[in-house]
Amino acid sequence: MPGRTEDQKKELTDKIVQAVMETVNAGEDSISVSFEEIPNGKWAEEVYKPDILAKEKTLYKQPGYSY
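Predicted model only: the values in this text are computed from it and were never measured.

What counts and what doesn't
Residues numbered from 1 in each chain as written. Predicted model: local features only at pLDDT ≥ 70, side-chain atom pairs only at ≥ 80, totals over all residues. Heavy atoms only, no water. Phe/Tyr/Trp six-rings, centres within 6.5 Å; stacked < 30°, edge-to-face > 60°. Helix = DSSP H or I, 4+ residues; strand = E, 2+ residues; numbered from the N terminus. Buried < 20%, exposed > 50% of the residue type's maximum accessible area, 1.4 Å probe, protein only. Polar contact = N/O pair within 3.5 Å; in protein donor to acceptor, adjacent residues only side chain to side chain. Contact = heavy atoms within 4.5 Å.

Asks: Explanation requested: the packing of aromatic side chains in the structure shown.
Replies: Any two aromatic rings considered together are summarised by their centre-to-centre distance and by the angle between their planes. One pass over the structure, following the stated rule, counts three aromatic pairs. Ring centres of Y48 and Y67 lie 5.2 Å apart, and the angle between their planes is 55°; this geometry places the pair in the tilted category. Of the two residues, Y48 is situated in helix α2 (residues 43-53) and Y67 in the segment after α2; the sequence distance between them amounts to 19 residues. Judged by centre distance (5.9 Å) and plane angle (90°), the rings of Y65 and Y67 are edge-to-face. The partly exposed category is assigned to Y65, whose relative accessible area is 35%. Relative accessible area serves as the criterion here: at 52%, Y67 is assigned to the exposed category. A connected cluster of aromatic rings, assembled from ring pairs, spans Y48, Y65 and Y67.

Laid out in C-alpha cells, this is it:
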C-alpha cells in the first residue's frame, strides 16, 4: 500500500537483508529488495488474487484478511 516513507522503506530493507543473511547464510551481495506500491483499489486484482489466492500453498504467512 502506498504511504510508507523512504526512511521506513530503507529501515525495513536493512532488517530484511540482515534477516536473510543470518537465516540462510547469504552474502549481502546476493540479496536485493524492492517495493512496488499498489493502490488499495487495485490490491485485490493485482496482488490478492494472483499472488495470494492462486499461490496459497506456497505462503508461509497467510494474511489476516480476505476479499
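The discussion continues.
Asks: What should I look at first to understand the environment of T5 in this one?
Replies: Following the sequence through the fold, T5 ends up in the segment before α1 (6-24). Distance from T5 to E22, taken between C-alpha atoms, is 26 Å for residues 17 residues apart in sequence.

Asks: Can you walk me through the side chain of K9 in this structure?
Replies: For K9, the location among the structural elements is in helix α1. At a separation of 2.6 Å, a polar atom in the side chain of K9 contacts the side chain of E37. For K9, the contacting residues outside a window of four places in its chain are R4, F35 and E37.

Asks: What is the right way to look at unusual backbone geometry in this model?
Replies: The phi torsion of most residues other than glycine is negative, and most of the peptide bonds are trans. For N25, which is not glycine, the phi torsion reads 55° and is therefore positive. Note on placement: N25 falls in the loop between α1 and α2. Judged by its relative accessible area of 70%, N25 falls in the exposed class.

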